[in-house]
Amino acid sequence: MSNSRRLFFALSLPDALQQQVIRWRAEAFAPEAGRPVVAANLHLTLAFLGEVSAQKELALRKLAGRIVQPGFSMRLDDLGHWPRPGVVWLGTRRAPRGLLQLAELLRSQAARSGCHQSALPFHPHITLLRAATQPVAIPPATPGWTFSADAFSLYESVFEHGRTRYQHLEQWPLAK
Ligand code: 3AM
């Protein structure tokens, strides 16, 4: 499977929001809480595809290009810790319908194309810290940023030189 790639659909965070989040994170969490995700890697995963052949990737890109879904806004007003995967995350208390519909569509297209989909319900989140397997003091609140999504993207997860980097491959607009 040498020409397969590890892919996922996600929402990108605007650069300004990435910078606000990492500045706040440095104050809000102790250094030993976990390994901070670098600013450029902050994203909200919509559908994880796994290792995908070039042919399947092409088919999934075509399907993504036909999606007509409205853009949406959400408040990033929720925080949590999943000790088992060791993830501290930023999320929303009220996921907008547009977000849930988009994720559902991408996940069902992926499943129909043979990409195994987790049976766990979709929990929209932006991973802030990894390797957070010990108890973490979670701040009582976030600054309550508003995140507006007007597009979604396909990314490749590349592991090289001991690091994971997310390569942006293609973006599709959400309707106004
Ligand atoms: O950073 P988050 O949590 O949004 O956890 C992985 C990351 O999501 C997730 O895909 C994103 C890009 O790597 N991921 C990795 N393996 C996965 C799997 N087997 C997975 N999600 C579901 N099932």
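Draft legend 1. Spatial organisation of the pattern of salt bridges. Following the criterion strictly, the structure yields 7 salt bridges and no others. We note a salt bridge from Glu 57 to Arg 5, for which the minimum N-O separation is 3.0 Å. One end of the pair, Glu 57, is in helix H2 (residues 54-65); the other, Arg 5, is in strand S1 (residues 5-12), and 52 residues separate them in sequence. We classify Glu 57 as buried; its relative accessible area is 7%. Where Arg 94 meets Asp 77, a salt bridge forms, and the shortest distance between an N and an O atom there is 3.7 Å. Within this pair, whereas Arg 94 is found in the loop between strand S6 (87-91) and helix H3 (97-112), its partner Asp 77 is found in the loop between strand S4 (72-76) and strand S5 (78-82), the two being separated by 17 residues in sequence. You can call Asp 77 buried: its relative accessible area is 13%. Bridged by salt links that share partners, the residues Arg 5, Glu 57, Arg 61, Glu 156 and Glu 170 form one connected network.

Draft legend 2. Focus on the site of the ligand. Neighbouring the ligand are Arg 6, Phe 8, His 43, Thr 45, Phe 48, His 125, Thr 127, Arg 130 and Tyr 166. Residue Thr 127 places a side-chain N or O atom 3.1 Å away from an oxygen atom belonging to the ligand. Here the ligand has 480 Å² of accessible area as a free molecule, and 66% of this is covered by the chains. With respect to the detected pockets, the ligand is housed in the largest pocket.

Draft legend 3. Summary view of the packing of aromatic side chains. Overall, the coordinates contain 8 aromatic pairs when judged by the stated rule. Between Trp 24 and Trp 145 the ring centres are 5.4 Å apart and the planes differ by 85°, which places this aromatic pair in the edge-to-face class. A residue pair is termed long-range when its members are at least 10 positions apart, and Trp 24 in helix H1 (residues 15-28) and Trp 145 in strand S8 (residues 145-149) qualify at 121 residues. A single burial state applies to Trp 24 and to Trp 145, both of which are buried.

What counts, and at which threshold
- Residues numbered from 1 in each chain as written.
- Predicted model: local features only at pLDDT ≥ 70, side-chain atom pairs only at ≥ 80, totals over all residues.
- Heavy atoms only, no water.
- Salt bridge = Lys/Arg side-chain N within 4 Å of Asp/Glu carboxyl O.
- Helix = DSSP H or I, 4+ residues; strand = E, 2+ residues; numbered from the N terminus.
- Buried < 20%, exposed > 50% of the residue type's maximum accessible area, 1.4 Å probe, protein only.
- Near = heavy atom within 4 Å.
- Polar contact = N/O pair within 3.5 Å; in protein donor to acceptor, adjacent residues only side chain to side chain.
- Areas by Shrake-Rupley, 256 points an atom, 1.4 Å probe, with all protein chains shown as cover.
- 1 Å grid on protein atoms, 1.4 Å probe; cavity = no way out; pocket = protein on both sides within 12 Å on 5 of 7 lines; lining within 4 Å.
- Sits in = over half its atoms within 2 Å of the grid points.
- Phe/Tyr/Trp six-rings, centres within 6.5 Å; stacked < 30°, edge-to-face > 60°.

By themselves, these observations are geometric and do not establish any function.
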